[in-house]
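# Geometric and topological summary
Given next are the chains, with one letter for each unit.
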Amino acid sequence: MNNYPKISVIIPVYNTEKYLSKCLESVINQTLKDIEIIVINDGSTDSSQNIIDLYTSKDDRIISIIKENGGLSDARNMGIDNSNGNYLAFIDSDDYIDEYMLENMYNLSQKHQSEIVLCDLVKVNEKGEEFRDLPQSPQLADKIILKDDFTIFGEMSCFACNKIFKKSLFNKHRFKKGIHFEDIELIPKLVLDSTVLSKINQPFYKYFERQDSITKSHTKRGLDMFLAVNEVSNYFKNSVYINSKTDLKRFQIFQGYYSYLAYVAYVKDKSLKKNMLFALSEFLFSNSINKKEIINYKRFNNNYLMSLPNKKKIFYLLAQIDINILNII
């Protein structure tokens, strides 16, 4: 295995010419040099490929792949299929990473023999200003033996981008094509196939939030959340962690209620929003999740609802009222 790169960095690209150079610069300048960088142009119609070609000519660690547009999952899967690294990392082409990210995460994976290593994220704006930290279970130790403590499963943000994964985890897995929440459908399954996780409480991953992504209209694709959560729930039933049912329910509450409603909040069509709330009501009923469990849900050892800003707190409580009304109807 020594002939293979330590990490294959997979970067899907679709029309991100404005941000791509910053992303690639952050990857080629990593302090960990023993990496390969697989850039998949997923049918871009802008000048993204010109930028990729420029960097390919400067750094022989970069592998350029051009394909017809097939979506994020399809591009990532092509990167996996063409990777040679012992570990895999997935970077979105409009984001960027701290120069020490891959070295620190790889070293931690070797120290603890962990299949997955994760770090914190921080949101950045168009000016490159950091404005919101996204911590990942800061209360837990840097080495998590899952059979001893499965807490992280019920509170982890299911980003692919802030983690490195042992490649063998993908022997029987790929990102599901054609759904909206592909990370939520896959990442928990990889956790369920793992024994040791490691984490670094540093915001190494710079998650760029575009203004148009906040204000754009959300659609019925938000219903894919339930598909993702149900897929994970079914996979959980055949895992070695089958007895950790409390953490499964915490996962269902965090993703299927709180994360789902965060999406529904931006649905503008009133009729669609009502239908999506009705689907939420059905999800809660089918998974035997009650209002008390939702209100008492804890994340990072703190009550999640009470830790939210008042505006969000009120929204989640009002949503519960709407769901109750739908149940009466």
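What counts as what
- Residues numbered from 1 in each chain as written.
- Predicted model: local features only at pLDDT ≥ 70, side-chain atom pairs only at ≥ 80, totals over all residues.
- Heavy atoms only, no water.
- Helix = DSSP H or I, 4+ residues; strand = E, 2+ residues; numbered from the N terminus.
- Rg over C-alpha atoms; globule rule 2.2 N^0.38 Å.
- Buried < 20%, exposed > 50% of the residue type's maximum accessible area, 1.4 Å probe, protein only.
- Contact = heavy atoms within 4.5 Å.
- Areas by Shrake-Rupley, 256 points an atom, 1.4 Å probe, with all protein chains shown as cover.
- Lys, Arg positive; Asp, Glu negative; His and termini not counted.
- Charge placed at Lys NZ, Arg CZ, Asp CG, Glu CD.
- Axes fitted to C-alpha atoms, helices over the stretch in contact; angles between N-to-C directions.
- Parallel < 35°, antiparallel > 145°, perpendicular 65-115°, else oblique.
- Left-handed = near helix turned anticlockwise from the far one by under 90°.
- Nonpolar A, V, L, I, M, F, W, Y, C, P; charged D, E, K, R; others polar.
- Phe/Tyr/Trp six-rings, centres within 6.5 Å; stacked < 30°, edge-to-face > 60°.
- Core = buried A, V, L, I, M, F, W, Y, C linked by side-chain atoms within 4.5 Å.
- Pairing = 2+ DSSP bridges.
- Expected span 1.5 Å × (residues − 1).
- Arc of directions from axis to C-beta.
- Salt bridge = Lys/Arg side-chain N within 4 Å of Asp/Glu carboxyl O.

Take the overall build of the protein chain next. Along its length, the protein chain carries 12 helices and 12 strands. Computed over its C-alpha atoms, the radius of gyration of the protein chain comes to 20 Å, within 12% of the 20 Å expected for a compact globule of 329 residues. Its C-alpha atoms give the protein chain principal-axis dimensions of roughly 65 × 45 × 35 Å. Expressed as a percentage of its 329 residues, the buried residues of the protein chain come to 53%. Considering only contacts in the protein chain between residues 6 or more positions apart, those separated by 24 or more positions represent 80%. Carbon and sulfur atoms provide 50% of the accessible area of the protein chain, an area that totals close to 15500 Å². Counting 43 positive and 41 negative side-chain charges, the protein chain places the centres of these two groups 7 Å from one another.

Structurally, Asp 247 is set in helix α8 (residues 245-264). The exposure class of Asp 247 is buried, given its relative accessible area of 13%. Beyond its immediate sequence surroundings of up to four residues, Asp 247 is in contact with Phe 150, Thr 151, Phe 153 and Gly 154.

Another aspect to go through is the packing of helix α7 (residues 224-236) against helix α9 (residues 270-286). Put simply, α7 and α9 touch, their axes get as near as 11 Å, and they point 15° apart. Classified by the angle between their axes, α7 and α9 sit roughly parallel to one another. As for how α7 packs across α9, the hand of that crossing is left-handed. Together, Phe 226, Val 229 and Asn 230 of α7 and Ala 279, Leu 280 and Phe 283 of α9 make up the contact between the two elements. Here the contact of α7 with α9 is built from residues that sort into five nonpolar, one polar and no charged.

To describe a pair of aromatic rings, you give the distance between the ring centres and the angle between the ring planes. With the rule as written, the count across this model stands at 21 aromatic pairs. With centroids separated by 6.1 Å and ring planes inclined at 10°, the aromatic side chains of Phe 254 and Tyr 297 adopt a geometry described as stacked. Here Tyr 297 lies in the loop between α10 (291-295) and β11 (298-299) and Phe 254 lies in helix α8, a separation of 43 residues in the sequence. On the basis of relative accessibility, which here comes to 3%, the residue Tyr 297 falls in the buried class.

The next thing to look at is unusual backbone geometry. The residue Asn 15 is not glycine, and still its phi comes out positive at about 55°. Secondary-structure assignment places Asn 15 in the loop between β1 (7-13) and α1 (20-28). Phi at Ser 288 takes a positive value of approximately 55°, unusual for a residue other than glycine. For Ser 288, the location among the structural elements is in the loop between α9 and α10. Note on Ser 288: relative accessible area 54%, which makes it exposed.

Attention now goes to the nonpolar core. Within the largest apolar cluster, 64 residues are counted, with the highest numbers of intra-cluster contacts made by Phe 90, Phe 153, Phe 170, Tyr 257, Tyr 258 and Leu 280. Of all the elements, α8 adds the most residues to this core, at 10 residues. Those residues in contact with Leu 280, other than ones at most four positions away along the chain, are Phe 226, Gly 256, Tyr 257, Tyr 260, Leu 261 and Ile 323. In terms of nonpolar packing, the next biggest core, distinct from the first, is built from 35 residues, Cys 23, Leu 32, Ile 35 and Ile 91 among them.

Attention shifts here to the pairing of strand β10 (residues 196-208). Pairing of strand β5 (residues 96-97) with β10, which is carried by two bridges, proceeds in the antiparallel orientation. Residue pairing for β10: Tyr 96 is matched across the bridge by Lys 206. Examined bridge by bridge, strand β6 (residues 116-124) and β10 share eight bridges and lie parallel to one another. Following the sheet pairing, Ile 116 is matched in β10 by Leu 197.

For the rest of this paragraph, the subject is helix α4 (residues 101-112). Over its 12 residues, α4 extends 17 Å from the first C-alpha to the last, a length consistent with the 16 Å expected when each residue adds 1.5 Å. Within α4 the residues assigned to the buried category are Met 101, Leu 102, Met 105, Tyr 106, Leu 108, Ser 109 and His 112. Across the axial projection of α4, the buried residues extend over an arc of 160°, all falling on one side.

Attention shifts here to the pattern of salt bridges. If you walk through the whole model with that rule in mind, you get 17 salt bridges. The shortest N-O distance in the salt bridge between Lys 177 and Asp 74 comes to 3.6 Å. Of the two residues, Lys 177 is situated in the loop between β9 (163-166) and α5 (182-192) and Asp 74 in helix α3 (residues 72-81); the sequence distance between them amounts to 103 residues. When the shortest N-O distance is used, the salt bridge between Lys 249 and Glu 293 registers 3.3 Å. Of the two residues, Lys 249 sits in helix α8 while Glu 293 sits in helix α10, which places them 44 residues apart along the sequence.

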